[in-house]
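Descriptive structure summary
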Amino acid sequence: MTTLENRPNTALLVIDVQNGVVEGAHERDAVVANVSQLIERARRGGTSVVWVQHSDEQLVRGSDDWRIVPELTPGDAEPLVEKNYGDSFEDTTLETVLSGLGAGRLVVVGAQTDACIRSTLHGAFVRGYDVTLVSDAHTTENQTAWGAPPPDQVIAHTNLYWTYQAAPGRTAGTVEAKDVDFGGAS
């Protein structure tokens, strides 16, 4: 269904599951476990796993906070895209990587729901990708001190509005980790 030509494949996009990003995040361990299970299922089924790793002034490249969480290990042949902005496509090699994989459909997991996840969902969708958000495999930290809703509400709201996202020639939606189908549309 994607509007991208000759891009029949699916990729699992693992965004910013880094020590300093998910430390203290809502249901961190359950989300990381779901991400881990999805990575293993993708690998077994031949679906590409693409890793995204953020760095900025607070998340210094090479620091312990910057590293991928110890429960997850990128495979040697799996692409790792470094980024400095919320949208994983912005000023990165992600589009080139996905094009090389023939990926026109993305299954998105990671952190943080209200920042890099949302930015990347929209960035992918406007670029022509079909984009599925795994409803129980993304998380965020508590930012109520700055006026944000509690994390469970941020996650629920993102799942709600992404379920009903629509545009010509593209699909969007949410699915629970247990129901992810890497072979076709969700």
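In what follows, the structure referred to is the one given above.
Everything numeric in this text was worked out from a predicted model, so none of it was measured. Position numbers for residues count from 1 along each chain, tracking the sequence in the order it is written. Under the rules for a predicted model, residues below a pLDDT of 70 receive no local features and side-chain atom pairs below 80 are neither given nor counted, while totals for whole chains, interfaces and linings still include all residues. Side-chain figures throughout are based on the complete set of non-hydrogen atoms in the structure, without hydrogens or water.

Quick notes on the overall build of the protein chain
- Each helix corresponds to a stretch of at least 4 residues labelled H or I by DSSP, and each strand to a stretch of at least 2 residues labelled E; elements are numbered beginning at the N terminus. Within the protein chain, the regular secondary structure consists of five helices and six strands.
- Going from N to C terminus, the protein chain has its helices and strands arranged as β-α-α-β-β-α-β-α-β-α-β.
- Our radius of gyration is a C-alpha quantity, and the globule rule it is checked against amounts to 2.2 Å times the number of residues to the power 0.38. Against the 2.2 N^0.38 benchmark of 16 Å for 186 residues, the protein chain shows a C-alpha radius of gyration of 15 Å, consistent with a compact globule.
- Referenced to the eigenvectors of the C-alpha coordinate spread, the extents of the protein chain come out at roughly 45 × 35 × 30 Å.
- Each residue's exposure class comes from its accessible area (1.4 Å probe, protein chains only) as a fraction of the maximum for that residue type: buried when under 20%, exposed when over 50%, partly exposed otherwise. Here the protein chain, with 186 residues, has 48% of them falling under the buried criterion.
- When contacts within the protein chain are restricted to residue pairs at least 6 apart in sequence, those whose partners lie at least 24 apart make up 80%.
- Asp and Glu count as negative and Lys and Arg as positive, but His and the ends of the chain are not part of the count. To locate a charge, take NZ of a lysine, CZ of an arginine, CG of an aspartate or CD of a glutamate. Side chains of the protein chain give 13 positive and 26 negative charges; the mean places of these two sets differ by 5 Å. Any two residues having at least one pair of non-hydrogen atoms within 4.5 Å are treated as being in contact.

Digging into the pattern of salt bridges
- The term salt bridge refers to a side-chain nitrogen of Lys or Arg lying within 4 Å of a carboxyl oxygen of Asp or Glu. Throughout the structure, instances matching the rule amount to 10 salt bridges.
- Residues Arg61 and Glu82 are paired through a salt bridge, measuring 2.7 Å at the closest nitrogen-oxygen approach. You can see Arg61 sitting in the loop between strand E2 (48–54) and strand E3 (80–83) and its partner Glu82 sitting in strand E3, a full 21 residues away along the chain.
- On the basis of relative accessible area, Arg61 is assigned to the exposed category, the value being 53%.
- Overlapping salt bridges bring together Arg28, Asp29 and Glu71 as one network.

Overview of the sheet that holds strand E5 (residues 130–139)
- On the basis of which strands lie adjacent, the open sheet formed by six strands has the order E3-E2-E1-E4-E5-E6 and parallel pairing. Of all the strands in the sheet, just E3 and strand E6 (172–175) have a single pairing partner and so form its edges. Averaged over all adjacent pairs, the angle separating strand axes in this sheet is 25 degrees, with direction ignored.
- At least two bridges found by DSSP between two strands are what make those strands a pair. Across four bridges, E5 lies against E6 in parallel orientation. Paired with Thr132 across the bridge in E6 is Gly173.
- Seen against the sheet, helix H2 (residues 28–45) touches strand E1 (9–15), E2, strand E4 (103–111) and E5 and runs at an angle of roughly 140 degrees to E5.
- Fitting a line to C-alpha atoms yields each axis, with helices limited to the stretch in contact; the angle taken between N-to-C directions then spans 0 to 180 degrees. Contacts from helix H5 (residues 151–163) reach E5 and E6 within the one sheet, and its direction differs from that of E5 by about 160 degrees.

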